[in-house]
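Examination of the molecular architecture
Here's the letter readout for the chains.
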Amino acid sequence: MKHFKTIRIIAAIVFLISLFCTVDLGLSLLFNTGAVYHDGYASHSLLHAVFGIFGDGMWTFDMFFGKFETSAWITYALLVVNVVLLFCKGEKNKFRFALKNPN
């Protein structure tokens, strides 16, 4: 039971990190859609400023969109995993309750 709780906590933390990365990439993508704000495609994200994740400045709009799309799918998959883990926990408790009260 303790291992299951640890797995749920780890899954929730990984989901939150993935959600942060997806939002960060989405904001960079939105910034790059407006050509009036800049003269080229640039990374304006917290991840790049702090960790230098995006590397060089030679990004295109298609590269931003591709990375955002991949990140969004990963975040969606992690959300599904967290929901499944939540329901697995709930089903186990329902089963235990049914054993105690057979009526």
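All chains use their own residue numbering, which begins from 1 and follows the written sequence. Predicted model: local features are reported for residues with pLDDT of at least 70 only, side-chain atom pairs are reported and counted for 80 or more only, and whole-chain, interface and lining totals are derived from all residues. Calculated side-chain values reflect all of the structure's heavy atoms, with hydrogen atoms and water omitted.

**Describing helix H1 (residues 2-33)**
What sets the pattern is the α-helix's 3.6 residues per turn: residues three or four places apart point alike. What counts, and what does not: Secondary structure counts use DSSP, requiring at least four H or I residues in a row for a helix and at least two E residues in a row for a strand, with both numbered from the N terminus. For a helix, the expected span equals 1.5 Å multiplied by the residue count minus one. Burial classes follow relative accessibility: with a 1.4 Å probe on protein chains only, a residue under 20% of its type's maximum area counts as buried, one over 50% as exposed, and anything between as partly exposed.
Between its first and last C-alpha, H1 extends 47 Å over 32 residues, near the 46 Å set by a 1.5 Å rise per residue. Along H1, the residues that are buried comprise Ala11, Phe15, Ser18, Thr22, Asp24, Leu25, Gly26, Ser28, Leu29 and Asn32.

**Here's the deal with the packing of aromatic side chains**
Stated precisely, the cut-off is as follows: Working definition: a ring pair exists when centres of Phe, Tyr or Trp rings (six-membered ring for Trp) sit within 6.5 Å. Plane angles under 30 degrees give stacked, over 60 give edge-to-face, the rest tilted.
Scanning the model with the defined rule gives 1 aromatic pair in all. Centre to centre, the rings of tryptophan 73 and tyrosine 76 are 6.0 Å apart; their planes meet at 85°, and the pair counts as edge-to-face. With tryptophan 73 and tyrosine 76 both in helix H3 (residues 61-100) and 3 residues apart, the pair spans about one turn of that helix.

**Quick look at a nonpolar patch on the surface**
Rule in force here: A patch consists of residues exposed above 30% relative accessible area that lack any salt bridge, with like charges linked at up to 9 Å and nonpolar side chains (Val, Leu, Ile, Met, Phe, Trp, Tyr) linked at up to 5 Å. Accessible surface area values rest on a Shrake-Rupley calculation with a 1.4 Å probe, where residue burial reflects the displayed protein chains alone. Counted as salt bridges are all cases of a side-chain nitrogen of Lys or Arg within 4 Å of a carboxyl oxygen of Asp or Glu.
A cluster of nonpolar residues, Trp73, Tyr76, Leu79, Val80, Val83, Val84 and Phe87, forms a patch on the protein surface that exposes about 700 Å² of accessible area. Assignment of secondary structure puts valine 80 in helix H3. Taking the relative accessible area as the measure of exposure, valine 80 reaches 37% and is therefore partly exposed.

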